[in-house]
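Results of the structural survey
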There are 2 protein chains.
Amino acid sequence: MRQPRDSTAIKRPTMTDIACECGLSRATVARALSGKGYVNPERKALIHQAAARMGYRASTIARALRTQRTSSIGVLIADITNPIFPEIVKGIDEVVSAGDYTIFLCNTDEDARKQLAIIRSLLDRQVDGIILVSQTVSDESQALLKNGPPYVLVNRRPARHGGDYVGPDNAMAVRQLLEHLYGLGHRRIAYITGPAQSSTARERRDSFTAEMARLGCSIPPGYLVEGNYQAESGRRAAEALLACTPRPTAILAANDFVALEVISFLHEHGLQVPEDMSVTGFDDAFKMRFSGRYPLPAQGLTTVDQPKRELGRSAGNALLARMARPDAPVRTIILPTTLNIRDTTAPAG
Amino acid sequence: MRQPRDSTAIKRPTMTDIACECGLSRATVARALSGKGYVNPERKALIHQAAARMGYRASTIARALRTQRTSSIGVLIADITNPIFPEIVKGIDEVVSAGDYTIFLCNTDEDARKQLAIIRSLLDRQVDGIILVSQTVSDESQALLKNGPPYVLVNRRPARHGGDYVGPDNAMAVRQLLEHLYGLGHRRIAYITGPAQSSTARERRDSFTAEMARLGCSIPPGYLVEGNYQAESGRRAAEALLACTPRPTAILAANDFVALEVISFLHEHGLQVPEDMSVTGFDDAFKMRFSGRYPLPAQGLTTVDQPKRELGRSAGNALLARMARPDAPVRTIILPTTLNIRDTTAPAG
DNA sequence: CTGTTAGCGCTTTCAA
DNA sequence: TTGAAAGCGCTAACAG
């Protein structure tokens, strides 16, 4: 039995306050409020009333210190400003906040140092789990993660990653795009890849060469150009591709940003899309809440849609599952993509 | 002087572990590590070495319990999926993470119950401050907030709000739009408002009527139609506006989503934009990383840009300032908007 | 300059 | 069925 120190300050009431109020011990209050352990029904009611009346709410901090569980998770994201990420985050949020977890959201800006600092800070805060969205996990980060709470990777994953992973079916995506173009008669198809350090980019690139081979199309030198997912890299790539002979009749861009910049470049150089060149994107980043077309009705980008929201939900669920049973078998979840044929692809001239 | 309980488990080392390792008291370790208080330089070095070697990191939780400060802030957002919000969040993140705060990001989905639950949970976690982005603050939420940590409002604010606020200059935005249209010869201008519960929407609406009066334009009945910021409301509003006689020659939409849906509707009904009707948006939601135009080069929406990133930064700074000096004078920060003239406005026919 | 002590608010044995 | 007591890991006042 303890006395609260001062009664004048208007601070959050603690268990001690309630205990005093009811003339009971803190232990009894704890039992009554948590519902576990025996406590006289009348007193229990009394305690609940007092708690409600005084507006008592348990301190998450104190509980966390005691139980070593914080009911919080960390989410690492490259850049919240890139429209595909908020969708994923939303999916994660939907499932984890239903499980009463709160999210620490952190931007890494594709910066390994920041990534490391953020993981440290998350561990210092003792998050119960971590989700890394499209992160290239550095060795240092990896090392930290190993001794930390469960984590799941979304989109990207290191070469031989043994843990939980959720990602889109990149091979399927590339196949959908290529079959569409092949069906339109395209044979000279170029590909602007993502950065080599992105596993997703590598997977797509490999799928591209494999699928082209399967379709019996050769890939002339210069048709594979490396970009970095930034719009600006599309401009350089497009320039290089226009210089190729023979010139490609279709260009697959690493993502929608790059695709749009390619289209801009082509326009500036007197080429019409899709008449003179077919161009496709990746992600369906701009769709947002619109169903069929892009913001402006004029023209829509042919692209392949990743199930972004679902990626987030799956990741959230995978993490919850892992936190519940740390030694359950590893899960790898690959979700199907869907092709959206719009206005930037046409039969090969 | 204390003994650590068990030494086999590979857990995070605590101060006690370091103290034992160095044969010193925890207090000394604490002083050495925190840098405050005197401690023998040699021992200090020793302690730092041990800490580094053992990979010691202070527990944020324990510190928070002791100091009652968590170095975390809560950010409430309506829907992270709406492209204007990530920009704001990014701005907040930039400044607060530089100040070593971590962000709890929470979606409220414009739902008052969720808003309340989230604020409760944030208070339970003892965040040091809260930023509410575009929230209609319910009375219950308001009451909670009053006894909580400092908070700042962004975009929306309740009728008579006495606290810190950061928002765009809505009057300026409307003026820019109207002067542009007026200059093009438009006189019959309609306005699709945002929902009445949004203070931002109300401010814009009031500015609209005021400005129209100033320009000497009357607002025929039916020219002011209430929407709710959702694309779909643009459809209904457009339908209503087409039925007006005389028909307006220009439509101001509450935001870009609504504007696009209006344009879609007009197209479907055989009207060309901007030839037959000028349409403007609000927010420049789609700009993202592109400078001049919308995703596709075909056509860009004439709209007024809110300084989203800057709104976030200002809010972050205002919160930091408030946390540092809780009784500094209240700050109201209004940031200028900029008009982006693109392809959906033209001289009145 | 260093150690002892108390305590943040909660959970959880262990006795009574 | 209840209370006493210990302790999560840290900070800070105080004594030495």
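Heads up: these notes are all about the structure in this document. Small disclaimer: the values here were computed from a predicted structure and weren't measured.

For the rest of this paragraph, the subject is the overall build of chain A. Of regular secondary structure, chain A possesses 12 helices and 12 strands. Relative to the compact-globule value of 20 Å for 349 residues, chain A shows a C-alpha radius of gyration of 27 Å, a clear excess of over 25%. Each principal axis of the C-alpha atoms in chain A carries an extent, and together these give about 90 × 40 × 30 Å. Burial analysis of chain A (349 residues in total) assigns 54% to the buried set. The long-range fraction of contacts in chain A, counting pairs at least 24 apart against all pairs at least 6 apart in sequence, stands at 68%. If you sum the accessible surface of chain A, you get close to 15200 Å²; carbon and sulfur atoms cover 50% of it.

Contacts between chain B and chain A engage 56 residues on the former and 56 residues on the latter. Here chain B and chain A share an interface that buries about 5000 Å² over both sides, 62% of which is from carbon and sulfur atoms. Across the contact surface, chain B and chain A share 8 salt bridges. Inspection of the chain B/chain A interface yields 22 residue pairs in polar contact (both at pLDDT 80 or more). Only helix 4 (60-67), helix 5 (84-98), strand 2 (102-107), helix 6 (112-124) and helix 11 (256-268) of chain B provide two or more residues apiece to the side of chain B that touches chain A. Broken down by class, the residue content of the side of chain B that touches chain A amounts to 27 nonpolar, 16 polar and 13 charged.

The strands making up a sheet are joined through hydrogen bonds of the backbone, oriented either antiparallel or parallel. Residues and elements named next belong to chain B. If you trace the 4 strands from one edge of the open sheet to the other, you get 7-6-8-9, paired in parallel fashion. Looking at the sheet topology across the chains shown, the edges are occupied by strand 7 (224-226) and strand 9 (278-280). Each neighbouring strand pair of the sheet contributes to a mean axis angle of 15°, computed without reference to strand direction. The pairing of strand 6 (residues 189-193) with strand 8 (residues 250-252) spans 3 bridges and is classified as parallel. Within strand 8, the position partnered with Y191 by the bridge is L252. Docked against the sheet, helix 10 (residues 231-242) engages strand 6, strand 7 and strand 8, running at close to 150° with respect to strand 6. Seen against the sheet, helix 11 touches strand 6, strand 8 and strand 9 and runs at an angle of roughly 155° to strand 9.

With that settled, the discussion passes to the relation of the copies chain B and chain A. Once chain B has been moved 0.0 Å along the axis and rotated by 180°, it coincides with chain A to within an RMSD of 0.1 Å. Put plainly, the chains are arranged around a two-fold axis. Scanning chain B for the C-alpha nearest the rotation axis identifies B:F104, at a separation of 2.3 Å.

All names here are of chain A. Within the open sheet, the 4 strands sit side by side as 7-6-8-9. Their pairing is parallel. Only two strands of the sheet have a single partner each, and these edge strands are strand 7 (224-226) and strand 9 (278-280). Looking at each pair of strands side by side, their axes are set apart by 15° on average, direction ignored. Pairing of strand 6 (residues 189-193) with strand 7 involves 3 bridges; the strand directions are parallel. Bridge assignment links I192 to a residue of strand 7, and that residue is V225. Lying on the sheet, helix 10 (residues 231-242) is in contact with strand 6, strand 7 and strand 8 (250-252); it crosses strand 6 at an angle near 150°.

Let us now look at the protein's contact with DNA strand D. Around DNA strand D, a shell composed of 26 residues is seen, among which A:T28, A:N40, B:M15, B:Y56 and B:R66 lie nearest. Considering DNA strand D, the proportion of its atoms within 4 Å of the protein that are sugar or phosphate atoms stands at 63%. Here A:T28 contributes a side-chain N or O atom positioned 2.5 Å from a phosphate oxygen of DNA strand D. The separation between a phosphate oxygen of DNA strand D and a polar main-chain atom of A:N40 is 2.5 Å. For the surface near DNA strand D, the secondary structure elements donating two or more residues are helix 2 (26-34) and helix 4 (60-67) of chain A together with helix 2 (26-34) and helix 4 of chain B.

Counting 108 residues, the largest nonpolar core has A:I73 and B:I73 as its most contacted members. For A:I73, the contacting residues outside a window of four places in its chain are A:I92, A:V96, A:Y101, A:T102, A:I103, A:F104, A:V127, A:G129, A:I131, A:L319 and A:M323. Of all hydrophobic cores here, the second largest spans 30 residues; its members include A:L123, A:Y165, B:V127 and B:Y165.

Rules and cut-offs
- Residues numbered from 1 in each chain as written.
- Chains lettered and ligands numbered in written order.
- Predicted model: local features only at pLDDT ≥ 70, side-chain atom pairs only at ≥ 80, totals over all residues.
- Heavy atoms only, no water.
- Helix = DSSP H or I, 4+ residues; strand = E, 2+ residues; numbered from the N terminus.
- Rg over C-alpha atoms; globule rule 2.2 N^0.38 Å.
- Buried < 20%, exposed > 50% of the residue type's maximum accessible area, 1.4 Å probe, protein only.
- Contact = heavy atoms within 4.5 Å.
- Areas by Shrake-Rupley, 256 points an atom, 1.4 Å probe, with all protein chains shown as cover.
- Buried area = accessible area lost by both parts, 1.4 Å probe.
- Salt bridge = Lys/Arg side-chain N within 4 Å of Asp/Glu carboxyl O.
- Polar contact = N/O pair within 3.5 Å; in protein donor to acceptor, adjacent residues only side chain to side chain.
- Nonpolar A, V, L, I, M, F, W, Y, C, P; charged D, E, K, R; others polar.
- Pairing = 2+ DSSP bridges.
- Axes fitted to C-alpha atoms, helices over the stretch in contact; angles between N-to-C directions.
- Least-squares fit on C-alpha atoms with pLDDT ≥ 70 in both.
- Near = heavy atom within 4 Å.
- Core = buried A, V, L, I, M, F, W, Y, C linked by side-chain atoms within 4.5 Å.

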